[in-house]
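# Descriptive analysis of the structure
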Amino acid sequence: MKVRVYSASKIDDELEVAKKEYLQAAIGISTKNKVLAIPKLLDWYLLDFAKDFESLLDWICLQLPCELGKEAIKCLKRKNDEPLTQVLEIMPYEFNFRYLIQA
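Keep in mind that this is a model prediction, so the values were computed, not measured.

Conventions used here
- Residues numbered from 1 in each chain as written.
- Predicted model: local features only at pLDDT ≥ 70, side-chain atom pairs only at ≥ 80, totals over all residues.
- Heavy atoms only, no water.
- Core = buried A, V, L, I, M, F, W, Y, C linked by side-chain atoms within 4.5 Å.
- Buried < 20%, exposed > 50% of the residue type's maximum accessible area, 1.4 Å probe, protein only.
- Helix = DSSP H or I, 4+ residues; strand = E, 2+ residues; numbered from the N terminus.
- Contact = heavy atoms within 4.5 Å.
- Expected span 1.5 Å × (residues − 1).
- Arc of directions from axis to C-beta.
- Salt bridge = Lys/Arg side-chain N within 4 Å of Asp/Glu carboxyl O.
- Polar contact = N/O pair within 3.5 Å; in protein donor to acceptor, adjacent residues only side chain to side chain.
- pLDDT = per-residue confidence, 0-100.

### Examining the nonpolar core
In this structure, I27, L36, I38, L56 and I60 are the most contacted members of the largest nonpolar core, which totals 18 residues. Broken down by secondary-structure element, the contributors of at least two residues to this core are β2 (35-39), α4 (53-63) and α5 (66-77). Setting aside anything within four residues of it in sequence, one finds I27 in contact with L36, A37, I38, P39, L42, I60 and L64.

Here you go:
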């Protein structure tokens, strides 16, 4: 995770880019067994992004880049036939923090 400095005039655009970069880096998809993995952080703050878990998953798919979003949608289509626990994994939160210094 990078420490960033945002500018007041472009804060909306910069936060939008940061959100998409975070989701792209944090969302995992197992192509072998078609499981979508989301970070615990999104589970904790679910109501900041969506009204329920179904809406959160839809929101995540819409935020991902095209190909990754399509793969996520394929995984979630299985939830009609299988329990959500077979389709979705919530990754534990990593409490360690470190700075990344970019030269």
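Resuming the write-up.
### Re α5
The end-to-end C-alpha separation of α5 is 17 Å, in line with the 16 Å expected for twelve residues at 1.5 Å each. Where α5 is concerned, the buried positions are G69, A72, C75 and L76. On an axial view of α5, the arc spanned by its buried residues comes to 120 degrees, and they lie on one face. Facing away from the buried side of α5 by over 90 degrees, the exposed positions are C66, E67 and K77. Where α5 is buried, its residues meet β1 (28-30), β2, α4 and α6 (84-87).

### Some points on the pattern of salt bridges
With the rule as written, the count across this model stands at eight salt bridges. The closest approach of N and O atoms between K20 and E16, which form a salt bridge, is 3.8 Å. In this pair, K20 and E16 are both assigned in helix α1 (residues 11-26), four residues apart and thus about one turn of the helix distant. E16 gets classed as partly exposed once you look at its relative accessible area, which sits at 35%. One continuous salt-bridge network, built from bridges that share partners, spans E16, K19 and K20.

### Considering the side chain of Q63
Here Q63 is to be found in helix α4. Owing to a relative accessible area of 13%, Q63 belongs among the buried residues under this scheme. Only 2.6 Å separates the side chain of Q63 from the side chain of K19, close enough to count as a polar contact. Setting aside anything within four residues of it in sequence, one finds Q63 in contact with E16, K19, K20 and L23.

### Section: the confidence of the model for the protein chain
Per-residue pLDDT for the protein chain has a mean of 86; in total, 91% of the residues score no lower than 70. Looking over the protein chain, one finds the lowest element-wise mean pLDDT in α6, namely 82, and the highest in helix α2 (residues 40-44), namely 93.

### Things to note about the environment of Y22
Its place among the elements puts Y22 in helix α1. Through-space distance from the C-alpha of Y22 to that of L64 is 9.8 Å; in sequence the pair is 42 residues apart. Leave out the neighbours within four places in its chain, and Y22 touches P39 and L41.

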